[in-house]
Amino acid sequence: MTFMKDSTFAWVQDVCSLLFNGKKYSDWRLEPSNNLLEMAHFVLDILNGSLFCLNTIEAESELVQGILAAIFIIDWEFSCINVSEDKLHKEHIGETGSRLAFCEAVHAFRCKILDQFLRGFGVNNRKSLGTTLVQSVKCITFVDKFESDNFVSLCGQWTLDVFEIFCQDQVEEQQLLEQFLNKNDSWPLWVIPDGTGARLRTDNVSLSLNAPNNTKFIALVDKLISKIGFDRVVAGLISEASPSSTKDSLTDLGINKTHYSRPWLAAEILCTWKWLGGCVLDSFLPSFVIYMKNGDCGFSDSILNVLIDGALVHGSCSGLNLLQRASVDELEAVAEPFLRALLSVLSTFFQDNLWGNEKATSLFKLLVDKLYIGDNANLDCLKILPSIMNILVRPLSIGAEDRTNDLSDPYSESKLHNVTVDWLKRTVCFPSLSTWQSGEDMEDWLQLVISCFPVEVTERMQEIKPARYVFPAERAVLYELFQKQRHGASAVLNKLPLVQKLLSELMVISVAYCWEDFDEDDWKFVLHRLRFWIEAAVVMMEEVVENVNHTLTNGANDVNASLNEFESAVVISDPFLIELARNALVGFSLFCSLIGSQDKEHTGNLNHLGSEKWEIITDRIFEGILRLFFCTAASEAIANSCGHEASSIIASSRLGHRQFWESVASCVLQSSSHARDKAMKSIEIWGLSKGAISSLYALVFSCKPLPPLQYAAFVLLSTEPGAQLSFTCDTGKVSNDGILNNEDSFETSSAENVHLREELSYKLEKLPPRVLEMDLVAHERVNLLVAWCLLLEHMTSLPSSSPARERIIQYVQESTSSIILDCLFQHIPLELYMGSSSRKKDAELPAAVSEAARRAIATSSVSSSVQFLWPIGPEKMASLAGAVFGLMLHHLPAYVRGWFSDIRDRSASSAIEAFTKAWCSPTLISNELSQIKKASFADENFSVSVSKSANEVVATYTKDETGMDLVIHLPPSYPLRAVDVDCTRSLGITEVKRRKWLMSLMSFVRNQNGALAEAIRIWKSNFDKEFEGVEECPICYSVIHTVNHSMPRLACKTCKHKFHSACLYKWFSTSHKSTCPLCQSPF
């Protein structure tokens, strides 16, 4: 014992009091001496030698148990030393290595005890020692000030060791668990076991003082659940295979299957919510769900009753937004523990279909019965009921619409309908919200009504619709309630925040469920209110941007001080305005979905506004929403100037209002180009340090993505009006009227022709070092693929024959690295196409990859893959890689073919070709042939015929008395393999000219980064000009350049021959001379 008291671990010293059984330590503690370790070794040697006779000391059983318990404690100290993260302990032990040596010797002795002694230990002594040890572990948990998850894991392992050593069957294990979980002054905190039931703990002083220790012990219990299961620790089940679970022993001990069930423990854990290394949502509820799938409904009912009773006793509102199903983040924000626990269980079990309509109905009946005490409302029940109804209303509504087709009275079948109508009528009797004052129970009744009419919001706000079917009587009374509140709010404006919140929620459900009854005044009221709430949020967010901008321009030079200023700058001054704007955004999205409906029956009621007036109002609302969007984007762009940590602060600030920003992003996608243009111009004239386009790039490349925002930024960058400014900064020659002269721009090198914006060119031109060695979901790799997506989307928007598109293609060929294609195939599983599997089209390739590639080719867009890219994962990156590869094949076939021809690994090239042939080439070939067939070359001297079955194109060119037929054959793996061109007929032309025409066409179609139809058109134009007498370039022997399609314009001053600028540039670069290729005169 003296040795234990000298331990460097506080928990070893504290646990000694359990081992002394109340005796005063000072009565027999040895005085500290230098030979303490020597004496401890001597005692251990004696124990080793006299182990056989310890069982005979019955009279001194307490002494034997104390000695053995001390052995276990010292052994635990040894295991703690080995994993300790406390450097002071390690340093101390390093200085006194002899103590560690003794602990190691004790460990060896304990292992010896297991084999030779404990198996024959008396039953009573064994149980008593086991109880002492588990109580020791419990004491460690409550008295030691540890904050390490590793230490909790150690305590859990010690407890499991005690169970394994001292319990001969599961009955004894359950009995020892009962001892372990016994209540004390600090435990449990919320629910106390009471016989076979439970009672609530209402000592508020105890709750506040013991909470830290309680969470540590819960962390230990959670470890036990993860190791031996929910059924043994919480449900207290004893398997039939347990040695002592025979019929006689069960009868003698009075034990049955549920004797050790601990619903109070489940409720305690649920109320605690978070603990060291875990929480209810991450560990406990998943274990509970797995147990529930085995069908023990009685146990879950017991837990539910405890939670309902606790929530009723504490009688607190949840504070949740009742318009839609609460998210995980919102459930965590509920302050009252019992209500939070109850809502989490209900939400999880109904969403996982563990409970259905029958369970929802029984709960609904129970709560409705509790709502009234005689004729008066139970206010505690009224406070918690709205948040519970928000969950129950969906399973309660299952099948309600189908019952309307029944010949019998459908209304009598719906308990929900009858009760809801009653609640609505009661709420209509209250005065208008404009005259409401805090403290009246009208708030609770109105929230209860709102919870009965939820809206269904699909992922990322893609669709908003009513979440249930309502009967005409419900809709009629709801509309009556809306009308009453509208007239009251129009007469008197009550600015009380809670009034505004309730009015906004009532307005949303009225639009969702009663829009067919609205007249023009109703719509005007709704739209003006929605705009008012959105504009209030705009003003607040613009203040945030101003603060961030001020921090950048006038902030401290110290980095840490600047970061602190950024954190202060992004604090939302009034979160209530965000909630109002969030409701307004939901209501506006509902309204837009109604306007966009093509059903005449749906749009008839909206014609009260008139199309012109509607466009004005919606554009103004959209402008406000876009300003909200640009506010957060500009904040991140400005902070990004100060580094990654500063931009991370801005990005993190959005996560606390996730649903609000998702709603903003959804509305941004619905906005018109006119509204976007006005919003972008307003940002540019604001005078911030970053403009609209830089803000969008900062958002799309954000270090902490919020998926809908990233996608909305991507769309604004790749569509008009943003696309005009988002990509290139041309530096070609400009005419007096400010218009770029595209033809003259070809006379300079491509590097001078086009300059992409720095945000984009930096990622495309300067690939991160060791990009191929990066993690497949690394942030830099993600941004690299997104940058390519933006470039490819921009190319799609440009006309196929436009000079701007040609300059972009030339930029890609000369300024970007083809390593991007190697990156793509790190995501696409090529091994599936290697060897024999390469012959199988469906070689178990993930469907998302193949489908993404085909969709990108068919739609000429990667937008759908980008939309669902975040949150980043390997499968989503593979899908995006497939889409990018497909679109690159579509827009840049020659570029991809050049990369493919340089691959030296034959197995890799075969796999890439097999993938392309299976999933990309069929769609590409079909598209090419269709475009050629539809193309109008408008010349009597030229005709084209297409054979889709043979994948061939026959081009016939005739001029005067000459002509020839050229056949273009597309290979199965087009465009990785170049097209074949053959001459099947020639008339009146020499062999030299025939070969020249053949090689010319082959050069055009093989170098074309675009559609074959365009290559054929340019080839035809080339020979038209040749027949017109236009001089060909002496270097490439073509009038039109095969890559950039320019004319020979640079003439030699001596011999007067004209050259393509690109050909001449290449000649100078390779010959290392600046003389004319023909006459050798200085050029």
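This part takes up the packing of helix H15 (residues 280-292) against helix H16 (residues 297-314). One way to put it is that H15 packs onto H16 with a least axis distance of 9 Å and a crossing angle of 140°. With respect to H16, the element H15 is oriented oblique. The two elements H15 and H16 meet at a crossing, and its hand is left-handed. Residues Phe288, Tyr291 and Met292 of H15 lie in contact with H16, whose contacting residues are Phe299, Ser300 and Ile303. Of the residues assigned to the contact of H15 with H16, the class counts are five nonpolar, one polar and no charged.

Turning next to the side chain of serine 451. Following the sequence through the fold, serine 451 ends up in helix H22 (residues 442-451). Ignoring anything within four residues of it in the chain, the contact list for serine 451 reads Leu322, Pro386, Met389, Asn390 and Val393.

Turning our attention to helix H19 (residues 357-371). For H19, spanning 15 residues, the distance from its first C-alpha to its last is 21 Å, which sits close to the expected 21 Å at 1.5 Å a residue. Where H19 is concerned, the buried positions are Lys359, Ala360, Leu363, Phe364, Leu367, Val368 and Leu371. Taken around the axis of H19, the buried residues stretch over an arc of 160°, which confines them to a single face. Turned more than 90 degrees away from the buried face of H19, the exposed residues are Glu358 and Lys365.

All right, on to the packing of helix H8 (residues 123-143) against helix H9 (residues 149-166) then. It is the contact of H8 with H9, at a shortest axis distance of 10 Å, that shows an interaxial angle of 170°. The angle between H8 and H9 falls in the class roughly antiparallel. In contact with Arg126, Leu129, Gly130, Leu133, Val134, Val137 and Ile140 of H8, H9 contributes Phe151, Cys155, Trp158, Thr159, Val162, Phe163 and Phe166. When its residues are assigned to classes, the contact of H8 with H9 shows 11 nonpolar, two polar and one charged.

Attention shifts here to the pattern of salt bridges. Summed over the entire model, instances satisfying the criterion amount to 26 salt bridges. The closest approach of N and O atoms between glutamate 172 and arginine 126, which form a salt bridge, is 2.9 Å. Residue glutamate 172 is located in helix H10 (residues 170-181), and its partner arginine 126 is located in helix H8; the two are separated by 46 residues in the primary sequence. Arginine 126 matches glutamate 172 in its accessibility class, with the two residues each being buried. Residues lysine 274 and glutamate 332 are paired through a salt bridge, measuring 3.5 Å at the closest nitrogen-oxygen approach. Of this pair, lysine 274 sits in strand S3 (residues 274-275) while glutamate 332 sits in helix H17 (residues 328-332), and the two are 58 residues apart along the sequence. Among the charged side chains, a network of salt bridges with common partners joins Arg325, Arg394 and Glu456.

Before going further, it helps to spend a moment on the packing of aromatic side chains. Under the counting rule described, the total for this entry stands at 35 aromatic pairs. With 6.0 Å between their ring centres and 85° between their planes, phenylalanine 151 and tryptophan 158 make a pair best called edge-to-face. Assessed through its relative accessible area of 9%, phenylalanine 151 is described here as buried. Overall, the relative accessible area of 3% leaves tryptophan 158 in the buried class. Here the aromatic rings of phenylalanine 588 and phenylalanine 622 are separated by 5.0 Å at their centres, their planes lie at 75°, and the arrangement is edge-to-face. Placement of phenylalanine 588 in helix H27 (residues 575-595) and of phenylalanine 622 in helix H29 (residues 611-640) is noted, with a sequence separation of 34 residues between them. Residue phenylalanine 588 is classed as buried on the basis of its relative accessible area, which comes to 0%. Feature note: the residues Phe230, Phe284, Phe288, Tyr291, Phe299, Phe349, Phe350 and Trp355 constitute an aromatic cluster, connected by ring pairs. One cation-aromatic arrangement involves arginine 468 over phenylalanine 453; the distance from NZ or CZ to the ring centre is 5.0 Å.

Parameters and conventions
Residues numbered from 1 in each chain as written. Predicted model: local features only at pLDDT ≥ 70, side-chain atom pairs only at ≥ 80, totals over all residues. Heavy atoms only, no water. Axes fitted to C-alpha atoms, helices over the stretch in contact; angles between N-to-C directions. Helix = DSSP H or I, 4+ residues; strand = E, 2+ residues; numbered from the N terminus. Parallel < 35°, antiparallel > 145°, perpendicular 65-115°, else oblique. Left-handed = near helix turned anticlockwise from the far one by under 90°. Contact = heavy atoms within 4.5 Å. Nonpolar A, V, L, I, M, F, W, Y, C, P; charged D, E, K, R; others polar. Expected span 1.5 Å × (residues − 1). Buried < 20%, exposed > 50% of the residue type's maximum accessible area, 1.4 Å probe, protein only. Arc of directions from axis to C-beta. Salt bridge = Lys/Arg side-chain N within 4 Å of Asp/Glu carboxyl O. Phe/Tyr/Trp six-rings, centres within 6.5 Å; stacked < 30°, edge-to-face > 60°. Lys NZ or Arg CZ within 6 Å of the ring centre and 35° of its normal.

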